[in-house]
Protein chains: 2
Amino acid sequence: MEGAIQNLHIPLISAIIMSILIKNTLLGGKESHIYIEENRISEIGRITEADEVIDGANTIAMPGLVNTHTHAAMTLLRGYGDDMPLHEWLQNRIWPAEAKLDGEMVYWGTRLAIIEMIKSGTTAFNDMYFFMEDVARAVQDSGVRALLGYGFIDLFDEEKRENEIKETEKFVRFVETMNNPRIKAAVAPHAIYTVSREGLEWSAEFAREKGLRLHTHVSETEKEVKDSFEQHGMSPVKYLDSMGFLGSDVIAAHSVWLDDRDIEIYAKRGVWPSHNPASNMKLAVGRAMPYSRMRKHGIKPVLGTDGAASNNNLDMLEEMKTAALLQKLSGDPTALPAHEALKMATEWGTQALGFNAGKIEEGYLADIILIRSDIPEMTPMHNWESSAVYAANGSAVDTVICDGRTLMRNRRIDGEEEAIRRAREMAERFYG
Amino acid sequence: MEGAIQNLHIPLISAIIMSILIKNTLLGGKESHIYIEENRISEIGRITEADEVIDGANTIAMPGLVNTHTHAAMTLLRGYGDDMPLHEWLQNRIWPAEAKLDGEMVYWGTRLAIIEMIKSGTTAFNDMYFFMEDVARAVQDSGVRALLGYGFIDLFDEEKRENEIKETEKFVRFVETMNNPRIKAAVAPHAIYTVSREGLEWSAEFAREKGLRLHTHVSETEKEVKDSFEQHGMSPVKYLDSMGFLGSDVIAAHSVWLDDRDIEIYAKRGVWPSHNPASNMKLAVGRAMPYSRMRKHGIKPVLGTDGAASNNNLDMLEEMKTAALLQKLSGDPTALPAHEALKMATEWGTQALGFNAGKIEEGYLADIILIRSDIPEMTPMHNWESSAVYAANGSAVDTVICDGRTLMRNRRIDGEEEAIRRAREMAERFYG
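The structure displayed is predicted, hence computed values, not measured ones.

1. Considering the overall build of chain A
Here is step 1: Each helix and strand in chain A was counted, giving 16 helices and 16 strands.
Here is step 2: On C-alpha atoms alone, chain A measures out to a radius of gyration of 21 Å, which is about the 22 Å that the 2.2 N^0.38 rule sets for 432 residues.
Here is step 3: Principal-axis analysis of the C-alpha atoms places the extent of chain A at approximately 65 × 50 × 40 Å.
Here is step 4: Looking at chain A as a whole, 65% of its 432 residues are labelled buried.
Here is step 5: Pairs at least 24 apart in sequence give 74% of the contacts found in chain A among residues at least 6 apart.
Here is step 6: For chain A, the separation between the mean place of its 47 positive charges and that of its 65 negative charges on side chains is 2 Å.

So, in structure tokens, the structure goes:
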């Protein structure tokens, strides 16, 4: 990782800023000053001076968005295959391309993804992929926050399992050595149809021993559920629960094909279902995640874009709208209202990842975005939550602060041109 | 209409440009020069000089997008009510607000809508609303193309019908007097549940006598279809067809709840169904327009955003993605592929509206947009059609040319700040 080793990729504001003041931004509908000291929100309201002062006029302030399920480096595969049956897409396009990946490709694919995420207001993400040390370096060099898990896939083979266990342990040690409070390791067995029971059990045990989050895919397709009933005599959720896998430390991507008993198990265990509506629609999973039924059981669903190959962007503002629209389609216009879409994408998302951010209140981590309110699609602004969810897209984001550092001002991010150039070069390798 | 009368709103390039050359843009995947003379595309490829030369490096060229169903001035009601049951939304929010509308509000609401549309790549739209002379002035002052229909609603009352007939005739004469080739009048009876049979029959007859398009709402909700069976013993489509209303001059918004016989009638008559996926989802109509069945019958569906109160933006790039995703959700990932979403939004859309645009070929009207390809979400670009539909949103649009005039360069449009300011003022009147 030439680029990473040389540490060329220093965010816009490279000097250590001790305090930041955002003046006159709209916070929860009220004009406010937000004062940040070090990496935390220190005060709302009175302070009028700081090392760095940001004019927040004509903006609304929101917690940074949290993408709770993605495969960041798959930006390199954006548009590499679309409009195809899932099996054909995986077998003929995605898997052969992924076989060509190397650490350098993953580093630059992830760098590009993070720039795209910052530009659309995301300050934290949950990633599962390969070459995860390179992903961690990309996060380190970009200034955002991330929960990172090595995609554990043993295909029910003992030798492979031993290898995946070693890879997982090695990556967790790597993250410990980084000692960067913005970066946390997760244990990420891919899914019940790619990981043996032994692999899943080891993952859960190892995660709890280390105090780490678990990240997996659950009940994305009807086929997965049918196969589980055939092989295990129970649903994927029940199967995972039967081995003690599920808990409030588990992020369960997709969670589309759940029945009422599955939902009860999620509620009881405190599982975080990560809703990925654009990916679910694009890959034609056949129905929407049962959001309203989950809410009735007190579950707090969170939101994610999935990888750019099945979306095909990482825009969480767009994803909030897609989620809200998809939940309403079936007949209830009050389902998933705007203020809940915002909670999914901020407060609940950050709880799922285990960071103390997601709210603009004293004491929380300073992960804050400013959205322009003086652009056509935000005019007029009868209701800021509705405008943010239904009218805006990622291009409305003007300023991004993560961990008390300004990563973007006026939509400018240092290193953007280089990341685009390098990602283009990396993508050429699929054709080599 | 003070602003309009004073003609203050002159687009960016106010001098009459005789020729424009777009150099080195990507057209259909090939680097090309596009040469425009007066308001038409004159040549692709050889010419190297012109009065205005646009550097098209790092852009892809596409025909301007066509929004085939909207109520532009409803930008003023963006976010005024959301996440509510349809009836409550209309009765308690939309209708009381619309009762306060005047011509000045509609003028500025439409100006704002047109700026939003230009900024997201739309060069032509199909509008149905009130105070349509003010809408026409807004189109005239903005440089885009539009098909405009006065929303004819008689509520089955003879006196009201006579008034609506007069309003329609008056507006058609007004557009004739404008004598602006960018602006065409349509006849726009609102729907079968708001317009009497006599009103619908008069509309069809008048439209054909004058050679005008018809624009109406058809089978948006299940209730509309059930009511039609109760009242007329047949579906809304069959009912309209029974009075000779349907033809290749009809744009039928929504067209969600169609059965196989309805689809056969559409195919036989050459009706243009306008798909409005975001609005349908947000208002919870219960299912998706039967796009694939329509295509099997040779129907060419077109695309629209509906009004900003039920979307809540006018971004046709976003709408293409929503349409493609919605059609796939139910189980077929090959449904509505990217290249067809582009056809819906360009070639077919312009045919529906009756303008000779929608293709970048010699002889077509010069309605062209340039989309940036050097931004994160367009990187890498394995497939330009996929990138445009699935990865881009309206903010990727850099340059907009309509009728041979440059309306936007580098995302700058003359008069944007004023339109935003005035629209904000107008929206205050809802609270007065």
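2. Points about the sheet that holds strand S7 (residues 122–129) of chain B
Residues and elements named next belong to chain B.
Here is step 1: Across the sheet, which stays open at both edges, the eight strands sit in the order S6-S7-S8-S9-S10-S11-S12-S13 with parallel pairing between neighbours. Looking along the sheet, the strands with just one partner apiece sit at the ends: strand S6 (65–70) and strand S13 (302–303).
Here is step 2: One ladder, built from five bridges, connects strand S10 (residues 213–218) with strand S11 (residues 250–254); its direction is parallel. Bridge pairing in S11 links Val 218 to His 254.
Here is step 3: Lying over the sheet, helix H5 (residues 158–178) contacts strand S8 (145–152) and strand S9 (183–189), oriented at roughly 160° with respect to S8.

3. Let's talk about the sheet that holds strand S9 (residues 183–189) of chain A
Within a sheet, each strand pairs with its neighbour through backbone hydrogen bonds, oriented either parallel or antiparallel.
Residue and element names in this part refer to chain A.
Here is step 1: Pairing in this open sheet of eight strands is parallel, and the strands run S6-S7-S8-S9-S10-S11-S12-S13 from one edge to the other. Each edge of the open sheet carries a strand with a single partner, namely strand S6 (65–70) and strand S13 (302–303).
Here is step 2: Both S6 and strand S7 (residues 122–129) contribute to a ladder of four bridges, which runs parallel. The partner of Leu 65 across the bridge, within S7, is Thr 122.

4. Thoughts on the relation of the copies chain B and chain A
The relation between the two chain copies is a rotation about an axis coupled with a shift along that axis.
Here is step 1: When chain B is brought onto chain A, the operation consists of a screw motion whose angular component is 180° and whose axial shift is 0.0 Å, with 0.0 Å RMSD remaining. Here the transformation between the copies is reduced to the relation of a two-fold axis. Measuring from the rotation axis to each C-alpha of chain B, the shortest distance belongs to Ser 395 of chain B, at 3.1 Å.
Here is step 2: A share of 100% of the interface residues of chain B reappears at the interface of chain A, consistent with the copies meeting face to face through the same patch.

5. Digging into the pattern of salt bridges
Residues and elements named next belong to chain A.
Here is step 1: Taken as a whole, this structure holds 54 salt bridges over all chains when the rule is applied.
Here is step 2: Residue Glu 104 pairs with Arg 422 through a salt bridge whose shortest N-O separation is 3.0 Å. Of this pair, Glu 104 sits in helix H3 (residues 103–119) while Arg 422 is found in helix H16 (residues 416–428), placing the two residues 318 residues apart along the sequence.
Here is step 3: Close ionic contact of Glu 133 with Lys 170 constitutes a salt bridge, the shortest N to O distance being 3.3 Å.

6. Side note on the domain arrangement of chain A
All names here are of chain A.
Here is step 1: Along its sequence, chain A is organised into domain 1 (12–63 + 364–416) and domain 2 (65–353).
Here is step 2: Using only C-alpha atoms to locate each centre, domain 1 and domain 2 end up separated by 28 Å.
Here is step 3: When domain 1 packs against domain 2, close to 2200 Å² is buried across both sides, 67% of that on carbon and sulfur atoms.
Here is step 4: Across the pair Glu 416 and Lys 119 runs a salt bridge whose closest N-O atoms are separated by 3.1 Å.
Here is step 5: Between domain 1 and domain 2 we count eight residue pairs in polar contact (both at pLDDT 80 or more) in total.

7. Examining helix H7 (residues 222–232) of chain A
Residue and element names in this part refer to chain A.
Here is step 1: Among all positions in H7, only Glu 224, Val 225 and Ser 228 are buried. An end-on view of H7 places all buried positions within 95° of arc, on one side of the element. In H7, the exposed positions angled more than 90 degrees off the buried face are occupied by Lys 223, Lys 226 and Glu 230.
Here is step 2: Next to the buried residues of H7 lie strand S10 (213–218) and helix H8 (236–242).
Here is step 3: Directly beyond the C-terminal end of H7, a positive phi value near 70° is found at Gly 233.

8. Digging into the packing of aromatic side chains
Here is step 1: Counted by the stated rule, this structure contains twelve aromatic pairs over all chains.
Here is step 2: Note on Tyr 80 of chain B and Phe 430 of chain B: the rings are 5.5 Å apart at their centroids and 45° apart in plane angle, and the pair reads as tilted. Highlighted residues: Tyr 80 of chain B in the loop between S6 and helix H2 (86–98) and Phe 430 of chain B in the segment after helix H16 (416–428), separated in sequence by 350 residues. A single burial state applies to Tyr 80 of chain B and to Phe 430 of chain B, both of which are buried.
Here is step 3: A ring pair is formed by Phe 152 of chain B and Trp 202 of chain B, whose centres lie 6.0 Å apart and whose planes are at 25°; its orientation type is stacked. Of the two residues, Phe 152 of chain B sits in strand S8 while Trp 202 of chain B sits in helix H6 (residues 197–210), which places them 50 residues apart along the sequence. Side by side, Phe 152 of chain B and Trp 202 of chain B carry an identical accessibility label, which is buried.
Here is step 4: By the ring-pair criterion, three or more aromatic residues cluster together here, those being Tyr 80, Phe 430 and Tyr 431 of chain A.
Here is step 5: The aromatic ring of Tyr 80 of chain B is capped on one face by Arg 93 of chain B, whose charged end is 4.3 Å from the ring centroid.
Here is step 6: The positively charged end of Lys 282 of chain B is found above the aromatic ring belonging to Tyr 390 of chain A, 4.8 Å away from the centroid.

Rules and cut-offs
- Residues numbered from 1 in each chain as written.
- Chains lettered and ligands numbered in written order.
- Predicted model: local features only at pLDDT ≥ 70, side-chain atom pairs only at ≥ 80, totals over all residues.
- Heavy atoms only, no water.
- Helix = DSSP H or I, 4+ residues; strand = E, 2+ residues; numbered from the N terminus.
- Rg over C-alpha atoms; globule rule 2.2 N^0.38 Å.
- Buried < 20%, exposed > 50% of the residue type's maximum accessible area, 1.4 Å probe, protein only.
- Contact = heavy atoms within 4.5 Å.
- Lys, Arg positive; Asp, Glu negative; His and termini not counted.
- Charge placed at Lys NZ, Arg CZ, Asp CG, Glu CD.
- Pairing = 2+ DSSP bridges.
- Axes fitted to C-alpha atoms, helices over the stretch in contact; angles between N-to-C directions.
- Least-squares fit on C-alpha atoms with pLDDT ≥ 70 in both.
- Salt bridge = Lys/Arg side-chain N within 4 Å of Asp/Glu carboxyl O.
- Domains from an automatic or database assignment.
- Buried area = accessible area lost by both parts, 1.4 Å probe.
- Polar contact = N/O pair within 3.5 Å; in protein donor to acceptor, adjacent residues only side chain to side chain.
- Arc of directions from axis to C-beta.
- Phe/Tyr/Trp six-rings, centres within 6.5 Å; stacked < 30°, edge-to-face > 60°.
- Lys NZ or Arg CZ within 6 Å of the ring centre and 35° of its normal.

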